[in-house]
Structures are given as structure tokens and as C-alpha cells.
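Results of the structural survey
The primary structure of each chain is shown beneath.
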Amino acid sequence: MKLKKVLMVSAMVLAGSWAALSQAATEQINIAYVKSPFNLQNIVMKHNQLLEKEFQKDGIKINWVSINSGAQQAQAMAAGSLDVSAVMNTASLLMANGAGNKVYVATGVARATQVFAVVGKPGPQMKIEDLKGKKVAGPKGTALHQVLVAALKSKGMSINDVQFLQMDPGKAHAAVVAGHVDAGLLAAGLIIKANAAGAKTIVTADGYVNPLLVMAVSEKFAKENPALLERIVKVHRDAKKWIDNNYDKAIAMGAKEEGVSIEDAKKLAQWSHYFDIITDKDMESLKIDQAFLLENGMMKNKVDTDKLVLPMARR
């Protein structure tokens, strides 16, 4: 019995040693910088160099990678070029997992139902049913794509009833304002800018889907660097506290980064509903979103959504 205990302790020590060696060997953390739709926590983390300060003593470099698309973030994680996404929408996260690319939720960011919209070109106000047969531009495999599909479905239509053009939000904004497409899938500041140019919002996510924005992490990084990930999550949550205690400074920082007025920045922040702890309601939302994505052919295979949320995300 004593020999068995010694072997067990030795195995535990060895496992801990391997984990320590793995994390000690980490020289760089590749993390996606996602400022849109109005991710104040991410903006504050980067501009105040909170992660750099956290890991400076460890000699670990923080490499910020600008990738706005959740689908592209998941692809980068699969390729090993991205460890963490400061902000990923759960539609992209679910679709990635359905395709066999394991990506996990590390903590919450925003419940941003009002910052995702389908916006019509300048001219008369359009309804969602007016888009039948029309050109709609936007990023495929994202929360914006999900909003369009849900809105079309509410009128007995599908994505096949429109001419969908794959386009990132910035290009979609330019195309819809110029009238080259009939509608664009836009977020946050781009909605405000499009509205100011005469383009009119057709629908927002509100009432159609409940998109969650979360901090996401690749399976490899989560398994090999759990202690580092805990610290990244702590820094993210500290950024939210800093925003709460320095609201005007945070708003000014976000306004400058997004190129909008202070008044519009406050509006975007109000629309975003920032949070950091995943709740039971959020867990249920993941299940509802997965059912929708599967039903509409946007997701390949069903996954256990409970296993996609790391314990640290809920405490």
C-alpha cells in the first residue's frame, strides 16, 4: 500500500513538473485583438498594456494579431498561429467545434444584441422581406450571418432567397453606403456611420438571436497552459473593473480607437452589455444557438455545449 502511495505521489509530481516545464517554455502568447463591435475590455487591455505588464516578469511576449472574423480566428487556432481570442462570437465558436476544431470559452465579454444589424442601402426604409432576390454582403459564419438567417426565417425565407456575398464588415459598409449592394451585415460603429450616410437599419439581432461575445482559447493552449490562461482571464476581468472605475477615460479610448464621437461611443457601450461570468442563462443560450445553427445548415455536427465552457469561465 505504501509503495502504491509513493507511485501515485511520484506520478502527480511528474505531471506537475511537465506542466511547469510546458509553461516555462512558453515564450510568446498569440492573442487576437478584436476592437469591434465595441470591445472596451480588449481595447483597454491592449492600450494600457495590461497583459504585457502581467507577463513581463516571466519573459513572455504578447503578440497581438488583428483578426475580427470569428471564423478566421478559429482557423488560425486550428493552424496553431493563434492561442487566444480576446473576443469571439459564440456562433463562430460553435461552428468551429461542429467542424472538429476544439475551441473553448474562457470567460464572457458582452451580450451584444443591439450592435449587430442588417442595414439597407440609402433610400426608402426596407423591411427584411424586401431583400428577396437582392444582394446582401457580410461575413459568413459569424453572429452577423446568424442574424440575417434568423431574420429571413421569421418571414418564411432562407439564405437561398438572397444573393449573399461573402465580405468583411468594413468592405460591406463601403458597398452598402455606395449602393453597390442592397444590404450589409454591419456592427457597432459601422452601423452608426452607415446611418449617418443615409443607410437605414432594417433589423438588429434583438428579438432574433442572442449573440454572446466571449474570450476563446484553443484546445492546445488550454491544456498546455492552464495557469497562464487563468492569468489572462484575470487581466481581462481587471480591465472590466478598470472600465467601471474609469468610465470616461475608457469611453474616450474606445471612441478614438473606433473613430466615433464620445456620444456615439457611450451609445455603443450601452448597447454592448459587458459581463465576465458565464451564467446558466448563457449556457442555455449556447444550446439554443446550436439548435438554430444545425437546423439551418450552418453547423456540421452537434457537440456537447456544456463541455465547451471552461470552469474558470463560470467563477
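Everything numeric in this text was worked out from a predicted model, so none of it was measured. (Residues numbered from 1 in each chain as written. Predicted model: local features only at pLDDT ≥ 70, side-chain atom pairs only at ≥ 80, totals over all residues. Heavy atoms only, no water.)

Along helix H7 (residues 169-177), the residues that are buried comprise Ala172, His173, Ala175 and Val176. Tucked into the core, H7 has its buried residues touching strand S5 (116-120), strand S6 (135-138), strand S8 (183-187) and helix H8 (189-196). For H7, the N-terminal capping position is held by Asp168, with its side-chain oxygen 3.0 Å away from the main-chain nitrogen of Gly170. (Buried < 20%, exposed > 50% of the residue type's maximum accessible area, 1.4 Å probe, protein only. Helix = DSSP H or I, 4+ residues; strand = E, 2+ residues; numbered from the N terminus. Contact = heavy atoms within 4.5 Å. Polar contact = N/O pair within 3.5 Å; in protein donor to acceptor, adjacent residues only side chain to side chain.)

Once that is clear, we can look at the side chain of Lys240. For Lys240, the position within the fold is in helix H10 (residues 226-245). If we skip the residues at most four places from it in the chain, Lys240 touches Gln41, Tyr274, Phe275 and Asp276.

Another point: the packing of helix H6 (residues 143-153) against helix H13 (residues 280-295). Where H6 contacts H13, the axes come no closer than 11 Å and their chain directions differ by 75°. In terms of orientation, H6 and H13 fall into the roughly perpendicular class. Residue-level inspection shows Gln146, Val149, Ala150 and Lys153 of H6 in contact with H13, the latter providing Asp289, Phe292, Leu293 and Glu295. A per-class count over the contact of H6 with H13 returns 4 nonpolar, 1 polar and 3 charged. (Axes fitted to C-alpha atoms, helices over the stretch in contact; angles between N-to-C directions. Parallel < 35°, antiparallel > 145°, perpendicular 65-115°, else oblique. Nonpolar A, V, L, I, M, F, W, Y, C, P; charged D, E, K, R; others polar.)

Here we take up the nonpolar core. Formed by 100 residues in total, the largest nonpolar core has its most connected members in Leu51, Phe116, Val118, Leu131, Val217 and Leu229. For this core, the element with the highest residue contribution is H6, accounting for 8 residues. Contact partners of Leu229, with chain neighbours within four places excluded, come to Val84, Ala106, Val217, Phe221, Ala222, Leu310 and Met312. Counting 12 residues, the second largest nonpolar core, distinct from the first, contains Ala117, Val119, Val176 and Ile191. (Core = buried A, V, L, I, M, F, W, Y, C linked by side-chain atoms within 4.5 Å.)

Glancing now at the sheet that holds S8. Remark on secondary structure: sheet strands pair via backbone hydrogen bonds, oriented parallel or antiparallel. Taking strand neighbours across the sheet as the criterion, the 5 strands line up as S7-S6-S8-S5-S9 in an open arrangement whose pairing is mixed. In this open sheet, the two strands that pair with only one neighbour each are strand S7 (163-166) and strand S9 (200-204). Between one strand and the next, the sheet's axes are offset by a mean angle of 30°, whatever the strand orientation. Two strands pair when backbone bridges link them, and S6 and S8 are joined in this way by 2 bridges, in the parallel orientation. Looking across to S8, one finds that Val136 is bridged to Ala183. With respect to the sheet, H6 is in contact with S5, S6, S7, S8 and S9, its orientation differing from that of S5 by roughly 65°. (Pairing = 2+ DSSP bridges.)

Right, let's get into the sheet that holds strand S3 (residues 84-89). Taken in spatial order, the 5 strands line up as S2-S1-S3-S10-S4 in an open sheet, and their pairing is mixed. Two strands close off the open sheet at either side, each with one partner strand: strand S2 (61-66) and strand S4 (103-111). Shown here is a sheet whose adjacent strand axes are inclined to one another by a mean of 30°, direction ignored. Relative to strand S10 (residues 212-218), S3 runs antiparallel, the two sharing 4 bridges. Looking at S10, one finds that Val84 is bridged to Val217. Together, strand S1 (28-33), S3, S4 and S10 form the strand contacts of helix H4 (residues 70-79), whose direction differs from that of S3 by roughly 145°.

What follows is about the pairing of S7. A regular strand places its side chains so that they alternate between the two faces of the sheet. Two strands pair when backbone bridges link them, and S6 and S7 are joined in this way by 4 bridges, in the parallel orientation. When the sheet's bridge partners are listed, Gly138 is paired in S7 with Gln166. Between S6 and its parallel partner S7, the chain crosses via H6, and the hand of that crossover is right-handed. (Right-handed = clockwise from strand over helix to strand, strands pointing away.)

This next bit is on the pairing of S3. Where burial is concerned, most of S3 is hidden: 6 out of the 6 residues are buried. Two elements, S1 and S3, share 2 bridges in a ladder whose sense is parallel. When the bridges of S3 are listed, Ile31 appears paired with Val84.

Without other data, these values stay purely geometric and don't point to any function.
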